[in-house]
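# Commentary on secondary and tertiary structure
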Amino acid sequence: MSKLVTIYGGSGFLGRYIARRLAREGWRIRIACRRPNEALFTKPYGAVGQVEPVLCNIRDAASVRAAMQGADAVVNCVGILAESGKNRFDAVHVEGARLIARTAAELGVARLVHVSALGADAELSSAYARSKAAGEAAVRGAFPSAVILRPSVMFGTEDHFFNKLAALSLIGPVMAVVAPKTRLQPVYVDDVARVAVLALDGGVEGTCELGGPDVDTMRGLATRMLGVIERRRGVIGLPGFVAAIIATLGDTVQGATFGLVSNKLLTRDQLRGLKVDNIVSPDAQSFDTLGIVPTAMGAVLPDYLWRFRKSGQYEAIKASAKNLRKTL
């Protein structure tokens, strides 16, 4: 019988790519998520009955255990970028991760892959980064042989990075970016999924930092994005005090409305995190040590950012038609 894997957060950005790859390899897959009815899009990744969304909340021990029963392997992709309601960094990144790892050890699961984040550090001022580091320690304590993946900012069709930047560029003739000099190393989401699958097959051990082949500043990444969507915008760095005011206002509104209005633009904690470069350490296990060539941004961004061009998917056709008129 095919092996069974439970993917916590399997309907999320990274989880769906891991599920798709595992389905092609013949795994039976449980997509453990809070809203399984909204994860039905994952079922066609495999044959009938191969992919099954199930109800689970990683803050609830009974549902975590139920989703893991009989599993040969587990992947934890659950993570949040900002706190809201009961979803606090410690509850999700630390206690939730600990619960999954402890349950996996108790049930005799053979392999566990835990997705953390590049830049996880217990010494940083960002609560997000500290919680990710604490989560790694919790997982190691409960399941010492777990493979921990630390991806940089991930890009792909459903990403919340380049899609957000592109949407912001439509507001006016000038585009302001936060932390313009901070360096990032965006990584293609399917490359991260490839390493996760490799880890389940026994090809990765320990901790692995994953960043793409391109390292650039926030300003540089915004400029690259503008080139892809073929829009001319002046790119300026948003002064730190202005960014702090925007983040504080957003957090205040979210708090005053008890989370009914979420701060999806910029939080104070995200601003603190952006003060530190987010790139792979020189001595870390990475794509190079695994013999994998990561995908460049230029090979993927045009496939999904075309919708932000003035004429969308017809931009290339219009340009070709102009050249045709000139030759006639």
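Anything mentioned here points back to the structure above.
To keep things clear, this report deals only with the structure shown in the data block. Only a predicted model underlies this, so the values are computations on that prediction, with no experimental measurement involved.

## Overview of the environment of S286
With respect to the element layout, S286 can be found in the loop between α9 (268–273) and α10 (287–290). Classification of S286 by relative accessible area gives buried; the value is 11%. For S286 and V54, which are 232 residues apart along the polypeptide, the C-alpha to C-alpha distance reads 32 Å. Leave out the neighbours within four places in its chain, and S286 touches C208, E209 and V280.

## Describing the sheet that holds strand β1 (residues 4–8)
With parallel pairing, seven strands are arranged side by side in an open sheet as β3-β2-β1-β4-β5-β6-β11. What marks the edges here is a single partner per strand, and that holds for β3 (51–55) and β11 (207–210). For this sheet, the mean angle separating the axes of adjacent strands, direction not counted, is 20°. Strand direction decides the pairing type here: β1 and strand β2 (residues 28–33), joined by five bridges, are parallel. By the bridge assignment for β2, L4 is matched with R28. Along the sheet face, helix α1 (residues 13–24) touches β1, β2, β3, β4 (73–76) and β5 (111–115) and points at about 170° away from the line of β1.

## A short note on the pairing of strand β8 (residues 174–177)
Only one face of β8 is buried: it carries M175 and V177, and the other face, with V174 and A176, is open. Looking at chain direction, β8 and strand β13 (residues 234–237) are connected through four bridges and run parallel. Following the sheet pairing, V174 is matched in β13 by G234.

## Regarding a positive patch on the surface
A contiguous patch of positive charge on the surface is contributed by R34, R35, R59 and K86. Its location among the elements puts R34 in the loop between β2 and β3. On the basis of relative accessible area, R34 is assigned to the partly exposed category, the value being 42%.

## Side note on the pattern of salt bridges
This structure, assessed with the given rule, holds 13 salt bridges. Across the pair R150 and E209 runs a salt bridge whose closest N-O atoms are separated by 3.2 Å. With R150 in strand β6 (residues 147–151) and E209 in strand β11, this pair connects stretches of sequence that are 59 residues apart. In terms of burial, R150 and E209 fall into one category: buried. Overlapping salt bridges, with partners in common, bring together E136, R150 and E209 in one network.

## A word on the environment of L4
With respect to the helices and strands, L4 occurs in strand β1. By relative accessible area, L4 is classed as buried at 5%. Put simply, L4 and V74 are 70 residues apart on the chain and 8.7 Å apart in space, counted from C-alpha to C-alpha. Beyond its immediate sequence surroundings of up to four residues, L4 is in contact with W27, R28, I29, R30, Q69, G70, A71, D72 and A73.

## Considerations on the packing of aromatic side chains
The full count for this structure, using the stated rule, is six aromatic pairs. On the basis of an interplanar angle of 90° and a centroid distance of 6.1 Å, the ring pair of F13 and Y17 is categorised as edge-to-face. Remark: Y17 and F13 occur in helix α1; sequence separation between them is four residues, near one turn of the helix. Take F13 and Y17: they sit in the same class, and that class is buried. Centre to centre, the rings of F41 and Y45 are 6.5 Å apart; their planes meet at 75°, and the pair counts as edge-to-face. What makes F41 partly exposed here is its relative accessible area of 35%. An aromatic cluster is defined as three or more aromatic residues linked by ring pairs; in this entry it consists of F155, F161, F162 and Y188. Lying across the ring of Y17, R20 places its NZ or CZ 5.1 Å from the centre. In this structure, R20 is placed above the aromatic ring of Y45, and the distance from its NZ or CZ to the ring centre is 4.5 Å.

What counts and how
- Residues numbered from 1 in each chain as written.
- Predicted model: local features only at pLDDT ≥ 70, side-chain atom pairs only at ≥ 80, totals over all residues.
- Heavy atoms only, no water.
- Helix = DSSP H or I, 4+ residues; strand = E, 2+ residues; numbered from the N terminus.
- Buried < 20%, exposed > 50% of the residue type's maximum accessible area, 1.4 Å probe, protein only.
- Contact = heavy atoms within 4.5 Å.
- Pairing = 2+ DSSP bridges.
- Axes fitted to C-alpha atoms, helices over the stretch in contact; angles between N-to-C directions.
- Patch = residues over 30% accessible without salt bridge, like charges linked within 9 Å, V, L, I, M, F, W, Y side chains within 5 Å.
- Areas by Shrake-Rupley, 256 points an atom, 1.4 Å probe, with all protein chains shown as cover.
- Salt bridge = Lys/Arg side-chain N within 4 Å of Asp/Glu carboxyl O.
- Lys, Arg positive; Asp, Glu negative; His and termini not counted.
- Charge placed at Lys NZ, Arg CZ, Asp CG, Glu CD.
- Phe/Tyr/Trp six-rings, centres within 6.5 Å; stacked < 30°, edge-to-face > 60°.
- Lys NZ or Arg CZ within 6 Å of the ring centre and 35° of its normal.

Any link to function would need more than the numbers given here.
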